[in-house]
Amino acid sequence: MSQTKLKKVVIKMGGEEKLRIILRDFYKRMSQDILIGFFFSHLDTNQIADSQAKFILFAMGESHSYTGKTPTSAHLELPPILDGHFNRRIVILEQTLKDYQLDRIDRDTWIEFENAFRKIIVKD
Ligand code: HEM
């Protein structure tokens, strides 16, 4: 199950603190990206990154409750997220994780977790 595998990855890379650092960097990169940056204009990417960290910890079973927006509700007010946007996010994620020295298997685990949300987030 990808959640359990992701938990091992997060522990190995340095725990919750490192998760927040990586996600803040990942969201900063997305917000500056020519293809998907516009989704984040006028939004506080650190705040979104920290909410995403809480969501991941919840999905991993590390925390018992999560009161933030869910992946289904969080994107309703945004312009439609298309497959190409989602693919671009995965490319930026892959590059970010590489820069933090996550190995191929751990990067794939994280990407598998993200891809599990593709169908509910992408509008076709
Ligand atoms: C290309 C794909 C994606 C884009 C462009 C995107 C963009 C965004 C943006 C702009 C927000 C902030 C919404 C707001 O504050 O009103 C947001 C929130 C959120 N996203 Fe995504 N997202 C994407 C994929 C994902 C994926 C794959 C997940 C789950 C693994 C996810 C989980 C969340 C969650 C939980 C929030 C709520 C954070 C909060 O409460 O502030 N998103 N997303």
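Here the structure is a predicted model, which means the values were calculated and not measured.

Reading the values: rules and limits
Residues numbered from 1 in each chain as written. Predicted model: local features only at pLDDT ≥ 70, side-chain atom pairs only at ≥ 80, totals over all residues. Heavy atoms only, no water. Salt bridge = Lys/Arg side-chain N within 4 Å of Asp/Glu carboxyl O. Helix = DSSP H or I, 4+ residues; strand = E, 2+ residues; numbered from the N terminus. Buried < 20%, exposed > 50% of the residue type's maximum accessible area, 1.4 Å probe, protein only. Axes fitted to C-alpha atoms, helices over the stretch in contact; angles between N-to-C directions. Parallel < 35°, antiparallel > 145°, perpendicular 65-115°, else oblique. Left-handed = near helix turned anticlockwise from the far one by under 90°. Contact = heavy atoms within 4.5 Å. Nonpolar A, V, L, I, M, F, W, Y, C, P; charged D, E, K, R; others polar. 1 Å grid on protein atoms, 1.4 Å probe; cavity = no way out; pocket = protein on both sides within 12 Å on 5 of 7 lines; lining within 4 Å. Points joined across faces, edges and corners; volume = space filled by probe spheres on them. Near = heavy atom within 4 Å. Polar contact = N/O pair within 3.5 Å; in protein donor to acceptor, adjacent residues only side chain to side chain.

**Quick notes on the pattern of salt bridges**
Piece 1. In the structure shown here, the tally under the stated rule is 14 salt bridges.
Piece 2. Notably, a salt bridge pairs Lys5 with Glu112, separated by 3.2 Å at the nearest N-O pair. Here Lys5 is found in helix α1 (residues 2-13), whereas its partner Glu112 is found in helix α6 (residues 104-115), with 107 residues between them in sequence.
Piece 3. The exposure class assigned to Glu112 is partly exposed, which follows from its relative accessible area of 39%.
Piece 4. For Asp83, the salt bridge is made with Arg118, and the minimal N-O distance between the two is 2.7 Å. Of the two residues, Asp83 is situated in helix α5 (residues 83-99) and Arg118 in helix α7 (residues 118-121); the sequence distance between them amounts to 35 residues.
Piece 5. Taken together, the salt bridges that share partners define one network made up of Glu94, Arg104, Arg107 and Asp108.

**Some details on unusual backbone geometry**
Piece 1. Of note in this structure, His42 is not a glycine but carries a positive phi near 70°.
Piece 2. Take His42: it is sitting in the loop between α2 (15-31) and α3 (45-59).
Piece 3. The exposure class assigned to His42 is exposed, which follows from its relative accessible area of 82%.
Piece 4. Of note, the phi angle at Gln101 is positive, near 65°, even though the residue is not glycine.
Piece 5. Inspection of the secondary structure assignment puts Gln101 in the loop between α5 and α6.

**Re the packing of α2 against α5**
In helix packing, the relevant descriptors are the interaxial angle and the interaxial distance, both defined with respect to the helix axes.
Piece 1. In contact at an axis separation of 10 Å, α2 and α5 are set at 135° when each is read in the N-to-C sense. When the interaxial angle is binned, α2 and α5 end up oblique. The two elements α2 and α5 meet at a crossing, and its hand is right-handed. For the pair α2 and α5, contact is made by Ile22, Asp25, Phe26, Tyr27, Arg29 and Met30 and by Arg89, Ile92, Leu93, Gln95, Thr96, Leu97 and Asp99, respectively.
Piece 2. Taken together, the residues that form the contact of α2 with α5 break down as seven nonpolar, two polar and four charged.

**Things to note about the layout of surface pockets**
Piece 1. Taken as a whole, the largest pocket holds about 860 Å³ of empty space.
Piece 2. Lining of the largest pocket is provided by 35 residues; of these, Tyr27, Ile48, Gln52, Ala74 and His75 occupy positions nearest its centre.
Piece 3. The element best represented in the lining of the largest pocket is α3, accounting for seven residues.
Piece 4. When the residues that make up the lining of the largest pocket are grouped by side-chain class, the tally is 18 nonpolar, 11 polar and six charged.

**Observations regarding the site of the ligand**
Piece 1. Around the ligand sit 20 residues, and of these Gln47, Ser51, Lys69, His75 and Arg89 come closest.
Piece 2. In the model, an oxygen atom of the ligand is placed 3.3 Å from a nitrogen or oxygen of the Gln47 side chain.
Piece 3. A distance of 3.3 Å is found between an oxygen atom of the ligand and a side-chain nitrogen or oxygen belonging to Ser51.
Piece 4. Per-element accounting of the shell around the ligand gives the leading share, four residues, to α3.
Piece 5. Considered class by class, the residues forming the shell around the ligand number 12 nonpolar, five polar and three charged.

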